[in-house]
Amino acid sequence: MESLIKFVQDEFVTKKDFPAFGAGDTITVYYEIREGEKVRTQFFRGVVIQRRGSGTTETFTIRKISGTIGVERIFPVNLPALQKIEVNKRGKVRRARIFYFRGLTGKKARIKERRH
């Protein structure tokens, strides 16, 4: 049964080519918003807190500070409304899920950039 589900997902779900990114990276996600008849593109720029799941059910969580309030948004990787993802900065972190980042503010909330 599991192989059948995997086959259907591989065949019928369209895969998009996004750049490789992980926890700690600062990315910009461009996605479509429908308001009645109109369609517009909006972007969300923030730090990736986690990637979870695999295949078609994979999601990633982005956190940004809007004013003084932290805003998190969860995006499915295979969301049809996703147009593109840009990696702005590669962050150097030691964990795959950086939930401790939620408790940091100010200069402590900076992530060092990973060197290539």
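Here, every reference points to the structure presented above.
All of these numbers come straight from a predicted model, not from anything done at the bench. (Residues numbered from 1 in each chain as written. Predicted model: local features only at pLDDT ≥ 70, side-chain atom pairs only at ≥ 80, totals over all residues. Heavy atoms only, no water.)

**Some words on the overall build of the chain**
Step number 1: Counting its regular elements, the chain contains 1 helix and 5 strands.
Step number 2: Listing the helices and strands of the chain from first to last along the sequence gives α-β-β-β-β-β.
Step number 3: Overall size of the chain, expressed as C-alpha extent along the three principal axes, is 50 × 40 × 25 Å.
Step number 4: Among the 116 residues that make up the chain, the fraction classed as buried is 29%.
Step number 5: Taking the contacts inside the chain whose residues are at least 6 apart along the sequence as the reference set, 51% of them involve residues at least 24 apart.
Step number 6: When the accessible surface of the chain is summed, it comes to about 8,600 Å², and 51% of that surface belongs to carbon and sulfur atoms.
Step number 7: Within the chain, one finds 26 positive and 12 negative side-chain charges whose respective centroids are separated by 13 Å. (Helix = DSSP H or I, 4+ residues; strand = E, 2+ residues; numbered from the N terminus. Buried < 20%, exposed > 50% of the residue type's maximum accessible area, 1.4 Å probe, protein only. Contact = heavy atoms within 4.5 Å. Areas by Shrake-Rupley, 256 points an atom, 1.4 Å probe, with all protein chains shown as cover. Lys, Arg positive; Asp, Glu negative; His and termini not counted. Charge placed at Lys NZ, Arg CZ, Asp CG, Glu CD.)

**Here we look at the pairing of strand β2 (residues 38–52)**
Step number 1: Note: strand β1 (residues 26–35) against β2, 10 bridges, orientation antiparallel. For I27, the partnering residue across the bridge sits in β2 and is G46.
Step number 2: The hairpin turn running from β1 into β2, its antiparallel successor, is 2 residues long, and G36 in that turn takes a positive phi close to 70 degrees.
Step number 3: In terms of strand pairing, β2 meets strand β3 (residues 59–66) through 5 bridges, oriented antiparallel. Residue pairing across strands places Q50 opposite T61, the latter belonging to β3.
Step number 4: Here β2 folds back onto β3 in antiparallel fashion, the turn holding 6 residues, of which G53 has a positive phi close to 85 degrees. (Pairing = 2+ DSSP bridges.)

**Focus on the pairing of β3**
Working note: regular strand, side chains alternate between the two faces of the sheet.
Step number 1: Sheet topology places β3 next to strand β4 (residues 69–76); 8 bridges connect them, and they run antiparallel. Bridge pairing in β4 places I65 opposite G70.
Step number 2: Taking the residues that link successive antiparallel strands as the turn, the β3-β4 hairpin has 2 residues, and the phi of G67 there is positive, at about 75 degrees.

**As for the sheet that holds strand β5 (residues 82–89)**
Step number 1: Pairing in this open sheet of 5 strands is antiparallel, and the strands run β4-β3-β2-β1-β5 from one edge to the other. The open sheet has two edge strands, β4 and β5, and neither has a second partner. Here the strands of the sheet are splayed against their neighbours by 40 degrees on average, with no regard to which way each runs. (Axes fitted to C-alpha atoms, helices over the stretch in contact; angles between N-to-C directions.)

**Overview of the environment of R94**
Step number 1: With respect to the secondary-structure elements, R94 resides in the segment after β5.
Step number 2: Along the chain, R94 and S66 lie 28 residues apart, while their C-alpha atoms are 26 Å from each other.

**A closer look at the pattern of salt bridges**
Step number 1: Per the stated rule, a full pass over the model turns up 7 salt bridges.
Step number 2: For R114, the salt bridge identified is with D25, shortest N-O distance 3.9 Å. Here R114 is found in the segment after β5, whereas its partner D25 is found in the loop between α1 (2–12) and β1, with 89 residues between them in sequence.
Step number 3: Across the pair R40 and E35 runs a salt bridge, and its minimum N-O distance is 3.1 Å. (Salt bridge = Lys/Arg side-chain N within 4 Å of Asp/Glu carboxyl O.)

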